[in-house]
Amino acid sequence: MKKIFAIFGGLLSIATLTHGQANISPAPAQSKPIVITGATIHIGNGQVINSGYIAFDKGKITAIGEGAAPAIAGADVIDATGKQVYPGFICPETTLGLIEVEEGARGTVDAQETGDFNPNVRSLIAYNTDSKVIPTVRSNGILLAQPTPVGGVIAGTSSVVQLDAWNWEDAAYKTDMAIHLTWPVERTSGRRRRDVGAGESPAERVQKEIDAVSKLFTEAKAYAQIDKPAVTNVRFEAMKGLFNGTKKLFVDANGAREILQAVAFGKNMGIKVVIAGGNEAYLVTKTLTDNNVPVILYETQRVPDRDEDDVYLPYKMPKILTDAGVLVGLTGTGFWRQRNLPFEAGQSVGFGMTKEQAISMITLNNAKILGIDKTAGSLEVGKDAILFISKGDALDMITIDVQMAFIQGRNISLDNLHKQLYRKYSEKYGLKVDL
């Protein structure tokens, strides 16, 4: 009976999400040039254009500058005087589109595969473009994301998607660009503790796991050197890109020791490594800069790991790493925290970062780390027109007001379930709304 009620509850949750929101169709391709004028334009690379213009056509930025915009025949002109234009924010290391209802509806969770070593598992084909969560993050200026598999030691392979598409094929922006490894760590207590064998210490268990990872990567590297293997190994095929430089290894590691081990491992294997998490990255900045290893911080709105740490250390982390020369990106972790990505970046401004540095952290920096900076991450001629207009400061949760957004020049819908419910109940009680 309990199972029946659990199943019914899950189906009810799914039905609520499915029918509680009108369908929002993806926008059609850009049909004519668009010129935005009079705005404060944040380029994404630290530069700002005051009272400027930006023009784009066929999905590409064609002109950008200060002052009056050049006349472009047949263009739609958008007066953004007093408003601000930003590159689309980028959310890496997220379960967006892979999890719909985190608790109570297991059928809507598709972020994890069984087993410990799954480099061949592709999160892209599980990405749900009809997710009701996606429009809510678009409303905060997040237009690109990296849906990331979780679980096990090697969780799988991720891709970058744009957040307005009919299906995962349409959504794909950069395909199969990273493999995700959780670095083994000692845990002697807590819910994430792993059982150890008889007479086996946590340190011995960790070393055994590291040895297993090393063995797998050594075999995969040898396999990658064979032009035409007699027998195809799907795991090793997925890992080939790590050794020819077309893929990066995203390593989930927080402790200083684990970060050092992961960096050394990548160097030994000849692999491009990205540290994801990096809670103690501030202790090993020289190693990170010497090896050109970037860090994606999971979140700053948290308490420090250790009692003796400065209570504001997580808030100061972006500034500390940036000053040390580390390329720093940021993501909003957890099922629902993606929408807080711009606000976590904004919070870093209160702890030493300039506003433009904070914007770069979730635009150009993230684009560089994901390998898409040639086409996205900043507003420059020739790049994709992925941008949005906000009436207020997009890093401030009080003043942010995203009014228009464009992905590859397409004017996308900013409606979402939250806005629809707000309008519904405002109408019930006779309140005026402007959404």
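Residues numbered from 1 in each chain as written. Predicted model: local features only at pLDDT ≥ 70, side-chain atom pairs only at ≥ 80, totals over all residues. Heavy atoms only, no water.

1. A short note on unusual backbone geometry
Comment: phi is negative for the bulk of residues other than glycine, and the bulk of peptide bonds are trans. Using the following cut-off: Only runs of H or I of at least four residues qualify as helices and only runs of E of at least two qualify as strands under DSSP, and these elements are numbered from the N terminus.
The backbone of S51 shows a phi angle near 50°, a positive value even though the residue is not glycine. Here S51 lies in strand β2 (residues 48-57). The backbone of N292 sits at a positive phi, close to 55°, despite the residue not being glycine. Tracing the chain through its elements places N292 in the loop between α7 (285-290) and β12 (295-297).

2. Focus on the sheet that holds strand β9 (residues 172-182)
Just so we agree on the cut-off: Strands were regarded as paired on the criterion that DSSP finds at least two bridges between them. Axis definition: a line fitted to C-alpha atoms, over the contacting stretch in the case of helices. Angles run 0 to 180 degrees between N-to-C directions.
Taking strand neighbours across the sheet as the criterion, the eight strands line up as β6-β7-β8-β9-β10-β11-β12-β13 in an open arrangement whose pairing is mixed. Both edges of this open sheet fall to β6 (89-94) and β13 (328-330), since each of them pairs with a single strand only. When the angles between neighbouring strand axes are averaged without regard to direction, this sheet yields 25°. Pairing between strand β7 (residues 142-147) and strand β8 (residues 154-162): two bridges, direction antiparallel. If you follow L144 over to β8, its bridge partner there is Q162.

3. A few points about the side chain of S123
Let me state the cut-off plainly: Residue contacts are defined here by distance: any two heavy atoms, one from each residue, within 4.5 Å place the two residues in contact.
If you trace the backbone, S123 turns up in the loop between β6 and α2 (134-138). Setting aside residues no more than four positions away along its own chain, S123 makes contact with L98, P147, P149, T157, S158 and S159.

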